[in-house]
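# Examining the three-dimensional arrangement
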Number of protein chains: 2
Amino acid sequence: MTFPKAIEINEEGPREGFQIEKKHYPLADRAELVDALSETGLSKIQVASFVSPKAVPTMADASELFAAIKRKPGVAYTSLYLNIKGFERSRSLDTVDTEGRIHFYTTDRFALQNNNRPAEQMRDDQLAMIDLCVDYGVPLEGAYIMTAFGCNLTGEVPISAVTDLAVWTAEQCRARHMPIPAIVLADTVGWASPNEVKRRVNAVRDAVPEARIGLHLHDTRGLGIANVYAALEEGVDLFEGSVAGLGGCPFAGHGDAMAAGNVATEEIVFLAHELGIETGIDLDALIDAALLAEKIIGRNLGGRLMHGGSLKAYRSGHS
Amino acid sequence: MTFPKAIEINEEGPREGFQIEKKHYPLADRAELVDALSETGLSKIQVASFVSPKAVPTMADASELFAAIKRKPGVAYTSLYLNIKGFERSRSLDTVDTEGRIHFYTTDRFALQNNNRPAEQMRDDQLAMIDLCVDYGVPLEGAYIMTAFGCNLTGEVPISAVTDLAVWTAEQCRARHMPIPAIVLADTVGWASPNEVKRRVNAVRDAVPEARIGLHLHDTRGLGIANVYAALEEGVDLFEGSVAGLGGCPFAGHGDAMAAGNVATEEIVFLAHELGIETGIDLDALIDAALLAEKIIGRNLGGRLMHGGSLKAYRSGHS
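For clarity, every value in this text was computed on a predicted model and none was experimentally measured. (Residues numbered from 1 in each chain as written. Chains lettered and ligands numbered in written order. Predicted model: local features only at pLDDT ≥ 70, side-chain atom pairs only at ≥ 80, totals over all residues. Heavy atoms only, no water.)

## Overview of the overall build of chain A
Along chain A, the regular secondary structure elements total 13 helices and 10 strands. Here chain A has a C-alpha radius of gyration of 19 Å; the compact-globule value for 319 residues is 20 Å, and the two agree. Taking the principal axes of its C-alpha atoms as reference, chain A extends roughly 60 × 45 × 45 Å. Looking at chain A as a whole, 62% of its 319 residues qualify as buried. When the accessible surface of chain A is summed, it comes to about 11,800 Å², and 51% of that surface belongs to carbon and sulfur atoms. The centroid of the 30 positive side-chain charges in chain A is displaced by 2 Å from the centroid of its 43 negative side-chain charges. (Helix = DSSP H or I, 4+ residues; strand = E, 2+ residues; numbered from the N terminus. Rg over C-alpha atoms; globule rule 2.2 N^0.38 Å. Buried < 20%, exposed > 50% of the residue type's maximum accessible area, 1.4 Å probe, protein only. Areas by Shrake-Rupley, 256 points an atom, 1.4 Å probe, with all protein chains shown as cover. Lys, Arg positive; Asp, Glu negative; His and termini not counted. Charge placed at Lys NZ, Arg CZ, Asp CG, Glu CD.)

## Structural notes on the relation of the copies chain B and chain A
Mapping chain B onto chain A calls for a screw motion: a turn of 180° about the axis and a shift of 0.0 Å along it, with 0.0 Å RMSD after fitting. A rotation of that kind, with that shift, is consistent with a two-fold axis. In terms of C-alpha distance to the rotation axis, chain B has Ala226 of chain B as its closest residue, with the C-alpha 2.0 Å off the axis. Comparing interface residues between copies, 98% of those in chain B also sit at the interface in chain A, which points to an isologous, same-surface contact. (Least-squares fit on C-alpha atoms with pLDDT ≥ 70 in both. Contact = heavy atoms within 4.5 Å.)

## Here's the deal with the packing of aromatic side chains
Per the counting criterion, the structure on display carries 17 aromatic pairs over all chains. Taken together, the ring pairs in this structure connect Phe3 and Tyr229 of chain A together with Phe3 and Tyr229 of chain B into an aromatic cluster. A cation over a ring is seen here: Arg91 of chain A above Tyr136 of chain A, with NZ or CZ 3.6 Å from the ring centre. (Phe/Tyr/Trp six-rings, centres within 6.5 Å; stacked < 30°, edge-to-face > 60°. Lys NZ or Arg CZ within 6 Å of the ring centre and 35° of its normal.)

## Regarding the environment of Gly86 of chain A
Residue and element names in this part refer to chain A. Along the chain, Gly86 falls in helix H4 (residues 84-91). Looking at Gly86, the relative accessible area reads 3%, which means it is buried. Distance in space between the C-alpha atoms of Gly86 and Arg117 is 17 Å, their sequence separation being 31 residues. Every residue in contact with Gly86, bar those within four places of it in the chain, is listed here: Phe50 and Tyr81.

## Details of the interface of chain B and chain A
Where interface size is given, it is often the accessible area lost as the parts come together that is meant. On the chain A side, the residues contacting the 48 residues of chain B number 47 residues. Summed over both sides, the interface of chain B with chain A buries roughly 4,000 Å², with 56% coming from carbon and sulfur. It is Arg221, Arg304 and Tyr314 of chain B in chain B that bury the most area against chain A; as a group they hold 19% of the surface buried on that side. At the boundary of chain B with chain A, the tally comes to 16 residue pairs in polar contact (both at pLDDT 80 or more). Those elements that provide at least two residues to the side of chain B that touches chain A are helix H8 (194-207), helix H9 (224-233), strand E10 (258-259), helix H10 (265-274), helix H12 (305-308) and helix H13 (312-315) of chain B. (Buried area = accessible area lost by both parts, 1.4 Å probe. Polar contact = N/O pair within 3.5 Å; in protein donor to acceptor, adjacent residues only side chain to side chain.)

## Quick word on helix H8 (residues 194-207) of chain A
Along an α-helix, residues three or four positions apart point the same way, because every turn accommodates 3.6 residues. With 14 residues, H8 of chain A extends 20 Å from end C-alpha to end C-alpha; this agrees with the ideal 20 Å at 1.5 Å per step. In the core, the buried residues of H8 of chain A are packed alongside helix H7 (159-175), strand E6 (182-187), strand E7 (213-217) and helix H9 (224-233) of chain A together with H9 and H10 of chain B. (Expected span 1.5 Å × (residues − 1).)

## What about the packing of helix H5 (residues 108-115) of chain A against helix H6 (residues 119-136) of chain A?
Residue and element names in this part refer to chain A. Relative to each other, H5 and H6 sit at 65°, their axes nearing to 8 Å. Residue-level inspection shows Asp108, Ala111 and Asn115 of H5 in contact with H6, the latter providing Ala119, Glu120 and Met122. By residue class, the composition of the contact of H5 with H6 is 3 nonpolar, 1 polar and 2 charged. (Axes fitted to C-alpha atoms, helices over the stretch in contact; angles between N-to-C directions. Nonpolar A, V, L, I, M, F, W, Y, C, P; charged D, E, K, R; others polar.)

## Looking at the pairing of E7 of chain A
All names here are of chain A. Extensive coverage of E7 is indicated by the burial of 5 of its 5 residues. Here E7 shows no split at all, with Ile213, Leu215 and Leu217 on one side and Gly214 and His216 on the other all buried. Across 5 bridges, E6 lies against E7 in parallel orientation. Its bridge partner being in E7, Asp187 is matched across the sheet by Leu217. Crossover connection from E6 via H8 to parallel E7: handedness right-handed. In terms of strand pairing, E7 meets strand E8 (residues 238-241) through 2 bridges, oriented parallel. Across the sheet, residue His216 finds its bridge partner in E8, namely Glu240. (Pairing = 2+ DSSP bridges. Right-handed = clockwise from strand over helix to strand, strands pointing away.)

## A word on the confidence of the model for chain A
Predicted confidence across chain A gives a mean pLDDT of 93, with 96% of residues reaching 70 or more. Reported confidence for the predicted complex is 0.95 by ipTM and 0.96 by pTM. (pLDDT = per-residue confidence, 0-100.)

## Some thoughts on the pairing of strand E3 (residues 76-80) of chain A
All names here are of chain A. Taken across its 5 residues, E3 has 4 buried, putting it largely inside the fold. Here strand E2 (residues 44-49) pairs with E3 via 5 bridges, running parallel. Considered in E3, the bridge of Lys44 is made with Ala76. One crossover worth recording links E2 to the parallel E3 by way of helix H3 (residues 62-68), and it is right-handed.

## Focus on helix H10 (residues 265-274) of chain A
Extensive coverage of H10 of chain A is indicated by the burial of 9 of its 10 residues. Looking one or two residues beyond H10 of chain A, the residue adopting positive phi is Gly276 of chain A, at roughly 80°.

## What about the side chain of Ser38 of chain B?
Relative to the helices and strands, Ser38 of chain B resides in helix H2 (residues 27-38). Residues in contact with Ser38 of chain B, not counting those within four places in the same chain, are Ile45, Lys70, Lys72, Val75 and Tyr77 of chain B.

## Observations regarding the side chain of His218 of chain A
Residues and elements named next belong to chain A. Here His218 is to be found in the loop between E7 and H9. Within polar-contact distance, the side chain of His218 engages the side chain of His216 at 3.2 Å. Here the side chain of His218 touches Asn262 through a polar contact of 3.4 Å, side chain to side chain. If near-sequence neighbours (up to four positions away) are discounted, His218 is found in contact with Glu16, Asp187, Thr188, Gly224, Gly261, Asn262 and Val263.

## Considering the environment of Ile145 of chain A
All names here are of chain A. Within the secondary structure, Ile145 is located in strand E5 (residues 140-146). Classification of Ile145 by relative accessible area gives buried; the value is 0%. When the C-alpha atoms of Ile145 and Asp35 are compared, they prove to be 30 Å apart, with 110 residues separating the residues in sequence. The contacts of Ile145, once residues within four sequence positions are left out, are Phe104, Thr106, Val162, Leu165, Ala166, Ile183, Val184, Leu185 and Ala186.

Below you can see the structure in the form of structure tokens.
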């Protein structure tokens, strides 16, 4: 076992959480949550998406949200976008720390459903993003391979579909004398299991040894934190999470039951600290932010640690 | 890594789940849940406790519940008890598959709070249980070391507190020429983390090499399934779980937020199957039982897999 000494955990809750809700939450509440997260030691917070306001009406006021937050020095406030138009909107705002990113799906059916084009065409479209990053001098931070573990529309995804995209990315970057971005494997629809995490992490590492590898894991089927542990065992040091597990999908007509969202950031932090791995994050402050998120959303978000509390008081004998 | 080929998972949901509720649920509903669990392939179901009806009023009708269930051949319907009086009540009923069990706490304060005597006295009290098992010819199935990972009243629990109890149990059994029971480490208050699971499992294995080791894990702080994975990596093949994660503790005045209960049985099964480990359990039938439990309890039980669904339909292309 070769645990990393320290890991980077990037927060996606504000974007994942409110993007999926039907209700539009007040701007002030969403800004308050981002501001609370800014005080936890997180170094990167994804605030909102620049996507079609028709497709995702809750993100229509993304610009206003970025303008409303209190920017804390040392924290990057990033955005999600899935095409050049969104990238340009993001870049046009001084209040956004726009990152260079490229996005892939592993299967045609998922790419067609979510981006209206086959996977290979979506892949080739990313060349324009790469070239824009070169032109603008924006570092290419991440290559996101979505549906990296399985696809609800077509089933199992072969490992080669993932490594092919990693290799393609590396080749494009080498041809342009650019650093290779982090290759982020996203378990978009909750197929990952611990040994599959290990297999795919190692396959990507073998295919592109110089790339940093990251994981974006959902907890759809309850294995999220076990998948994080498996990744740590392989030395992965880059994770994305959502405070309070934001991003769950409420079921219509099923009370407040819901499909789980991302792995809860505070549970990744807790796991890391219990393993002696540094995160730079204040766990109790992050739990407070999770409880604030729950108060804003107005229903039980289902996180475990946020309700169980940390062990700090018990360990120090102040229980 | 040496995963077991197959594991045994014992179901504690009916006992854990209803024991903790303030409301008394109809007997017919609780029997319906046990009957649903009987059809999943589980080989052992803990139905109810024989404990003080003053302390735990929801378990006062334990005898009636055992009489109401449809016993399925090949399934053991067991009980929880914490003293000889409970053991004798359990044994007096033909409808109960009474197991020989002994119970320990690792700290005086927890033992005093829960059993009104110091840990060492509680340990020595177990000698009477061991001798009763000998007298009655009841196999001693399990030695339960509660608060095996930490104690909310005193903090960290040294590993030696756990191994001492395992060694004491082994010595008592050897002196009586009895087989050594499974040593079950119970994370009563949610302190376990994956590497601590490995350390304690290995320490007990070193101390009593011939004992089978089991784990009873709570998901209080979100690491439950990662702890199961860590145990599987060490070859542990005996687990207890609660369907739908029953056993959570509702917080007064905090909406339906709650501290999480046991690790959800269906998520242990799912993890095992994804790792190629056999359980003998029909995952989709168990998910249906989890949804029945949620319907009976009447609030979101927070299980992930039960709401996300299994991958069976997606894999077979029938999504």
